[in-house]
Amino acid sequence: MAKGDVKLLGTWASPFALRVKIALKLKSVDYEYLEENLRGGKSELLLKSNPVHKKIPVLLHGDRPVCESLVIVQYIDEVWTYGPSILPSDPYDRAIARFWAAYVEDKVWLSMRAFMTANDEDARVEAVAKFKEVSVLLEDAFVKSSKGKPFFGGDEIGYVDIAFGAFAGWFKVIEKALNVELFDEATTPNLLAWVVAFLAHPAIEDIIPSTDKLLEFATNVVLPSIKAVAPASQ
Amino acid sequence: MTKGDVKLLGSWASPYVLRAKFALKLKSVDYEFLEENPGGVKSELLLNSNPVHKRVPVLLHCGKPISESLLIVQYIDEVWTDCPSILSSDPYDRAIDQFWAAYVDEKVYPSMRATLTAEGEEARAEVLTKFKEGLVLLESAFVKCSKGKRFFGGDQIGYVDIALGAFNGWFKVIEKAFNVKLFDEATTPNLLLWVDTFLAHPAINDIMPTTEKLLAFATSIAFPFPAIKAAAAARIS
């Protein structure tokens, strides 16, 4: 069910655009997806809709633009009020959810970039250690928020699941390409299980790009563009 | 009106702490303010309440901690609902509020910090130019959000007013210390007016530290703003 014309400007590999796709899927919102070709030059529509940052994703709801992925997810939750809530209903739980989403925003993407720019074994080991510092805190947050259920949001995918889970495809790429484990039984057993549950969720498995497709993209596009990595030794 | 015991951990000069204070004042919430000593040793309470970031402000509501200034403001708005709203009631306007508040944190604070720490006239002039470009964007945001009224929030102080306005004391410090104008009739006429309107608001006026006090703080030994000390020294000599 749509409430008026909805469009999403995004790129297929972007975890930030994926957050919005997940939210729209959870709310069963019909929308038109417009793929931006960022390397070909940003579209007029993107530049007009997000003149401040000129970045995707941008949600256009009846021609009114909403920018910044987490702001868009909250907007979707507040407009399409039927269907499961993405944010918790209690103000305190909501503050905690927003806190951890902001933490993910601050720390996770940077950690992942550290992997992509690691050009030797030492740098890779350091990137793993730094990611671990972040994931251990999120493990603890998961235990408190989930209260024994499969997601940060409890029985259903919630705000932090979306914020963090949107990177799950890229976690798999890093694990495959660099032969590392980002989550493990010893330090992050709950997150290890959560990644599997998240990727298997009906709203997610349809729309998350495959690891192979992302890996190809990373190898051919992302890595050359950030002048990274010597080939791993056999 | 309290709904249970409220404490705020903060430091008097921090614009982030001011955001929380403004929100509590606007909602007439009684609370206990616990001053953390800036640059000093962090209290047990702070380290226990905000173990992730170990920084102020932290709101403690019935002992439960909420960290991050903008999250605290949103929480206050959502709990104390029998007073004027801080965030807009319409979801689209609320998204715009969130966008500009995030912009303030992403762009305004780093620009401000860069201005305060730039070494030498030339470096400072360059940073100031960038800073003012950001303020021009906020001018245009103000025109759209205020719809001809006095605040970003319209007739009442709103979320973006609090997010940006908390820095007004420090904006005055920059203007005084370096003899510059951050806002002007030519490029930011509405914000020029807004700064004074904001600072004169009864909920703000009582709480905002004076420029003199902030300037003294900035030039004190405890604080790493050598450029301000140099500028202050140059004025005295």
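This is a predicted model, so every value here is computed, not measured.

Draft legend 1. The overall build of chain B, seen in detail. When you go through chain B residue by residue, the secondary structure sums to 11 helices and four strands. A compact globule built from 237 residues would reach a C-alpha radius of gyration of about 18 Å, and chain B, at 18 Å, matches this within 12%. When its C-alpha atoms are laid out on the principal axes, chain B stretches across 55 × 45 × 30 Å. Counting only residues that meet the buried cut, chain B has 51% of its 237 residues in that class. Taking the intrachain contacts of chain B between residues at least 6 apart in sequence as the baseline, contacts between residues at least 24 apart amount to 67%. Side-chain charges of chain B comprise 26 positive and 29 negative groups, with the mean position of each set lying 2 Å from the other.

Draft legend 2. Main features of unusual backbone geometry. Of note, the amide linkage connecting Ile56 of chain A to Pro57 of chain A takes the cis form, showing an omega dihedral of 0°. Positionally, Pro57 of chain A belongs in the loop between helix H2 (44-49) and strand S3 (58-61). Residue Pro57 of chain B follows Val56 of chain B across a cis peptide bond; omega there is -5°. Topologically, Pro57 of chain B is positioned in the loop between helix H2 (44-49) and strand S3 (58-61).

Draft legend 3. Geometry of the interface of chain A and chain B. Facing 23 residues of chain A, the contacting portion of chain B comprises 25 residues. Summed over both partners, the interface of chain A with chain B comes to about 2,100 Å²; 69% of that surface belongs to carbon and sulfur atoms. Of all residues in chain A, Val52, Tyr92 and Phe99 of chain A bury the most surface against chain B, accounting for 28% of the area lost on that side. Here chain A and chain B share six residue pairs in polar contact (both at pLDDT 80 or more) between them. Every element with two or more residues in the side of chain A that touches chain B is listed here: strand S4 (64-67), helix H3 (69-79) and helix H4 (91-117) of chain A. Tallying contributions element by element places H4 of chain A first for the side of chain A that touches chain B, with nine residues. The class makeup of the residues in the side of chain A that touches chain B is 15 nonpolar, three polar and five charged.

Draft legend 4. Inspection of the environment of Ala166 of chain B at higher detail. Residue and element names in this part refer to chain B. Here Ala166 is to be found in the loop between helix H6 (159-165) and helix H7 (168-178). On the basis of relative accessible area, Ala166 is assigned to the buried category, the value being 1%. The sequence separation of Ala166 and Lys213 amounts to 47 residues, and the corresponding C-alpha distance is 15 Å. Non-local contacts of Ala166, meaning those with residues more than four positions away in its chain, are made with Pro15, Leu18, Arg19, Phe22, Asp161, Phe198 and Met208.

Draft legend 5. Broad picture of the packing of helix H4 (residues 91-117) of chain B against H7 of chain B. All names here are of chain B. Where H4 contacts H7, the two axes come as close as 11 Å, and the packing angle between them is 25°. It follows from the interaxial angle that H4 and H7 lie roughly parallel. For the element pair H4 and H7, the recorded crossing hand is left-handed. Contact residues: Val108, Met112, Thr115 and Leu116 in H4; Trp170, Phe171, Ile174 and Phe178 in H7. When the residues that make up the contact of H4 with H7 are grouped by side-chain class, the tally is seven nonpolar, one polar and no charged.

Draft legend 6. Highlighting the sheet that holds S3 of chain A. All names here are of chain A. The sheet built from four strands is open, its strands ordered S2-S1-S3-S4 with mixed pairing. Taken across any chain shown, the strands that pair with only one partner, and hence form the sheet edges, are strand S2 (32-35) and S4. Adjacent strand axes in the sheet meet at a mean angle of 20° when their direction is disregarded. Looking at chain direction, strand S1 (residues 6-10) and S3 are connected through four bridges and run antiparallel. Bridging across to S3, Leu9 finds its partner in Val58.

Draft legend 7. Just the sheet that holds strand S4 (residues 64-67) of chain B, in detail. Residue and element names in this part refer to chain B. Taken in spatial order, the four strands line up as S2-S1-S3-S4 in an open sheet, and their pairing is mixed. In this open sheet, the two edge strands, each paired with only one partner strand, are strand S2 (32-35) and S4. Taking each pair of neighbouring strands and ignoring which way they run, the sheet shows an average axis angle of 20°. Direction of pairing for strand S1 (residues 6-10) relative to S3: antiparallel, over a ladder of four bridges.

About the criteria used
Residues numbered from 1 in each chain as written. Chains lettered and ligands numbered in written order. Predicted model: local features only at pLDDT ≥ 70, side-chain atom pairs only at ≥ 80, totals over all residues. Heavy atoms only, no water. Helix = DSSP H or I, 4+ residues; strand = E, 2+ residues; numbered from the N terminus. Rg over C-alpha atoms; globule rule 2.2 N^0.38 Å. Buried < 20%, exposed > 50% of the residue type's maximum accessible area, 1.4 Å probe, protein only. Contact = heavy atoms within 4.5 Å. Lys, Arg positive; Asp, Glu negative; His and termini not counted. Charge placed at Lys NZ, Arg CZ, Asp CG, Glu CD. Buried area = accessible area lost by both parts, 1.4 Å probe. Polar contact = N/O pair within 3.5 Å; in protein donor to acceptor, adjacent residues only side chain to side chain. Nonpolar A, V, L, I, M, F, W, Y, C, P; charged D, E, K, R; others polar. Axes fitted to C-alpha atoms, helices over the stretch in contact; angles between N-to-C directions. Parallel < 35°, antiparallel > 145°, perpendicular 65-115°, else oblique. Left-handed = near helix turned anticlockwise from the far one by under 90°. Pairing = 2+ DSSP bridges.

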